[in-house]
Amino acid sequence: MGLVPAHAQVTLPADLISPVVPHDVATGSGATTQDLAIFAWQEFTALNWPAMDPATTGMRGRADTSADFLSIAPDKSGSYPLLVWQTYRHKNELFPADGKTDASFDSKVPTYKYKGGPFTAANGASWQLFNNLDESSEIGLCNMFAHDTTRILFEAKVNRALFDYANANKLTACDDKGNCPALTAARNKTLGNLAQYGGICSDDTSIVSLPCGDSKTPGDAGEGTIEIKAAWRPLTATEVASNRFYMRKIIYYTGDQFLAQQYNNAVYGLVALHIIHKTKSFPTFVFATWEQVDNYDDVNNQNTQDLKFVNTGTALPNIPVTRAHAINSVIPPVNDAVHAAFTAKDPNTVWQYYKLIGVQGMPMDGPPPATAPADTLSYYYLANIVVETNQTLQNFFGKAPTGVVMPFKNLYFNGAAGSPFQMGGCQGCHGTQGQSIGGDMSRLVGAAPSNSTQPPEPFNNGASAAITSFHLRSQDTPKN
């Protein structure tokens, strides 16, 4: 008998293809990398399920259970159906510039309120689309391109659990000058004792402790905090015809960020997706990230799409894009098994063209030596090739206040041996940009409200504008 393919040795859960969001990792805090990868794919399936139409139901973040996840197709304009995560609340809806956050998570359409707005429409564009790409840099450190010159844009979203928690605890009770008394008090108390408040699930309303997913609690109450970051870009005619990209009409911005902006609409392709999820087993969140499979040729380690970054917030030189740390060896067999399950039901499903790049669960102290096993390095430095691309972001640990990494214990986990940790990758970045400034593991809370209220970043922002924008978005960030 021949060798059994690696993906055939991966046992997938019977409910892999389900509109139900998993509340926690089935195997608990002792989960292996494979367990975390399967959990991540369960999240991906549920959150990319076609959504109930908010316009007709008034509901957001709900799956249309009568729809087929695998067989979605574009309409005549090129847009695929609206997905569950896309109807989550945008970061600007969580902290709008006028300080008037909606009382309910649900609504028929999104409403955006930025400083300097409202803006003018280009060519009759709509400002009530759910995909609002208001970030045009990788957290102020670099601008990112595919095909050498095609700009990649970003958006961030929060689920019902986070939105309702923030409202119930008056964290969103802000004025139009950006004063948020309850948020400031809770953030400062949390920041003052991270050894006690870091990495916990708590009902203490005097601190920032976002809801934890609980597999024993059904419904909304047990889902836990989920945040999404998505990366999009215009596609070439060949890419559109390939049917290898999920596409959707989006909002993007042009003009001068601080003087005269216009909002525009176009059909873009989804090229990357982050899902981060706080659960009882992983109160410092499970981090998972996907790429469209054509972003980078990992088999031959080649930059086949001419990805390019231009450094902005650092003096580091611009260098050719390569994946600094190979994908963890556990991940491709899980991807293959999932893709096989998908294509067994629909050989043409667009979701076979998205691959999980990696996962992080339990933090570890680092950085590991360069001679460490490749899987250790890939776990520690988890990064997405089109979301965290430059030298700093692909090799992140500690903190990088000047755009270059430096030592810093960025993640506390109450009760965990070795805490605090100097963690790397996505989890380490959220430790630095979220937990260590009193916002749990959320920059959207830790750097609020300025991170959400500043004018959108235009498609055409250059290096100096990108730095200025990020500094303004960070002006409400407590010092760590």
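Visitor: Requested: an account of helix α14 (residues 463-473), with residues and values cited.
Guide: Within the sequence span of α14, burial applies to Ala 465, Ala 466, Ser 469, Phe 470 and Arg 473. For α14, the arc enclosing every buried residue in end-on projection is 130°, short of the 170-degree limit, so these residues lie on one face. Exposed residues pointing more than 90 degrees away from the buried face of α14 are listed as Ser 464 and His 471. Where α14 is buried, its residues touch α3 (91-94), β3 (142-146), α11 (425-433), α12 (443-446) and α13 (450-453).

Visitor: Quick one: what's the story with the environment of Pro 478, residue by residue and with numbers?
Guide: Along the chain, Pro 478 turns up in the segment after α14. Taking the C-alpha atoms as reference points, Pro 478 and Asn 193, 285 residues apart in sequence, are found 14 Å from one another. Apart from the residues within four sequence positions on either side, Pro 478 is in contact with Arg 187, Leu 191, Ile 437 and Gly 446.

Visitor: Give a description of the state of the cysteines that names residues and reports values.
Guide: Going through the model one piece at a time under the given rule, you end up with 2 disulfides. Linked covalently through their sulfurs, Cys 174 and Cys 180 form a disulfide whose S-S length is 2.1 Å. Disulfide Cys 174-Cys 180: the torsion about the S-S bond is 110°, which places it as right-handed. By the burial criterion, Cys 174 is buried, and Cys 180 matches it. Sulfur-sulfur distance for the disulfide between Cys 201 and Cys 212 comes to 2.0 Å. Looking along the S-S bond of the Cys 201-Cys 212 disulfide, the torsion reads about -95°, which is the left-handed sense. Residue Cys 201 is located in the loop between α6 (194-197) and β6 (226-233), and its partner Cys 212 is located in the loop between α6 and β6; the two are separated by 11 residues in the primary sequence. Judged by relative accessible area, which is 37%, Cys 201 ranks as partly exposed. The class for Cys 212 is buried, based on a relative accessible area of 12%. Across the protein chain, the way the bonded cysteines pair up, counted in sequence order, is 1-2, 3-4. With no disulfide of its own, Cys 426 lies 7.6 Å from the sulfur of Cys 429, the closest cysteine sulfur. Among the residues examined, Cys 426 registers a relative accessible area of 7% and is labelled buried.

Visitor: An account of the nonpolar core is needed here, citing residue identities and associated values.
Guide: Counting residues in each nonpolar core, the largest one holds 107 residues, and the members touching the most others are Trp 85, Trp 351 and Val 386. Looking at this core, the element that brings in the most residues is helix α1 (residues 33-47), giving 9 residues. Sequence-distant contacts of Trp 85, defined by excluding residues within four places in its chain, comprise Leu 47, Asn 48, Asn 131, Glu 155, Lys 157, Ile 228, Ala 230, Trp 232, Leu 270 and Leu 273. In this structure, Tyr 112, Tyr 114, Phe 119 and Tyr 263 belong to the second largest nonpolar core, which totals 9 residues.

Visitor: Could you give an account of the pattern of salt bridges, naming the residues involved and the relevant values?
Guide: In total, this model carries 21 salt bridges according to the counting rule given. The partner of Glu 135 in a salt bridge is Lys 91, with the nearest N and O atoms 2.7 Å apart. Note that Glu 135 is positioned in the loop between β2 (120-121) and β3 and Lys 91 in helix α3, a separation of 44 residues in sequence. Side by side, Glu 135 and Lys 91 carry an identical accessibility label, which is buried. Linking Glu 135 and Arg 473 is a salt bridge whose minimum nitrogen-to-oxygen distance equals 3.5 Å. Here the residue Glu 135 occupies a position in the loop between β2 and β3, and Arg 473 occupies one in helix α14, the gap between them amounting to 338 residues. What makes Arg 473 buried here is its relative accessible area of 4%. Within this structure, Lys 91, Glu 135, Lys 229, Glu 457 and Arg 473 form a network of salt bridges that share partners.

Visitor: Which residues make up the side chain of Glu 155, and what are the values?
Guide: Checked against the element boundaries, Glu 155 lands in strand β5 (residues 153-158). Salt bridges are absent for the buried Glu 155, whose nearest opposite-charge side chain, Lys 157, sits at 4.3 Å. Only 3.2 Å separates the side chain of Glu 155 from the backbone nitrogen of Asn 132, close enough to count as a polar contact. Only 2.9 Å separates the side chain of Glu 155 from the side chain of Trp 232, close enough to count as a polar contact. In contact with Glu 155, not counting residues within four places along its chain, are Trp 85, His 90, Phe 130, Asn 131, Asn 132, Leu 133, Asp 134, Ile 228, Lys 229, Ala 230 and Trp 232.

Visitor: Pulling in residues and values, what's your account of the packing of α1 against helix α8 (residues 331-345)?
Guide: Put simply, α1 and α8 touch, their axes get as near as 10 Å, and they point 35° apart. α8 is crossed by α1, and the crossing has right-handed handedness. In this structure, α1 uses Thr 33, Gln 34, Ala 37, Ile 38, Trp 41 and Thr 45 to contact α8, whose residues at the interface are Ile 331, Val 334, Asn 335, Val 338, His 339 and Phe 342. When grouped by side-chain class, the residues that make up the contact of α1 with α8 number 7 nonpolar, 5 polar and no charged.

Visitor: Account for the pairing of strand β8 (residues 261-277), naming residues and giving values.
Guide: A large share of β8 lies buried, amounting to 13 of its 17 residues. Across 2 bridges, the pairing between β2 and β8 is parallel. Note on β8: the bridge partner recorded for Ala 121 is Tyr 263. Bridge analysis of β6 against β8 gives 8 bridges, and the strand direction is antiparallel. Bridge pairing in β8 places Ala 231 opposite Ala 272. Sheet analysis places strand β7 (residues 247-255) next to β8, joined by 9 bridges and oriented antiparallel.

Visitor: Tell me what's going on with the sheet that holds β3, and back it up with residues and numbers.
Guide: Taken in spatial order, the 3 strands make up an open sheet running β4-β3-β10, and their pairing is antiparallel. Two strands in the sheet have a free side with no partner beyond their single neighbour: β4 (150-151) and β10 (308-311). By the bridge criterion, 2 bridges tie β3 to β4 in an arrangement that is antiparallel. Bridge assignment links Ala 146 to a residue of β4, and that residue is Thr 150.

Conventions used here
- Residues numbered from 1 in each chain as written.
- Predicted model: local features only at pLDDT ≥ 70, side-chain atom pairs only at ≥ 80, totals over all residues.
- Heavy atoms only, no water.
- Buried < 20%, exposed > 50% of the residue type's maximum accessible area, 1.4 Å probe, protein only.
- Helix = DSSP H or I, 4+ residues; strand = E, 2+ residues; numbered from the N terminus.
- Arc of directions from axis to C-beta.
- Contact = heavy atoms within 4.5 Å.
- Disulfide = S-S within 2.5 Å.
- Core = buried A, V, L, I, M, F, W, Y, C linked by side-chain atoms within 4.5 Å.
- Salt bridge = Lys/Arg side-chain N within 4 Å of Asp/Glu carboxyl O.
- Lys, Arg positive; Asp, Glu negative; His and termini not counted.
- Polar contact = N/O pair within 3.5 Å; in protein donor to acceptor, adjacent residues only side chain to side chain.
- Axes fitted to C-alpha atoms, helices over the stretch in contact; angles between N-to-C directions.
- Left-handed = near helix turned anticlockwise from the far one by under 90°.
- Nonpolar A, V, L, I, M, F, W, Y, C, P; charged D, E, K, R; others polar.
- Pairing = 2+ DSSP bridges.

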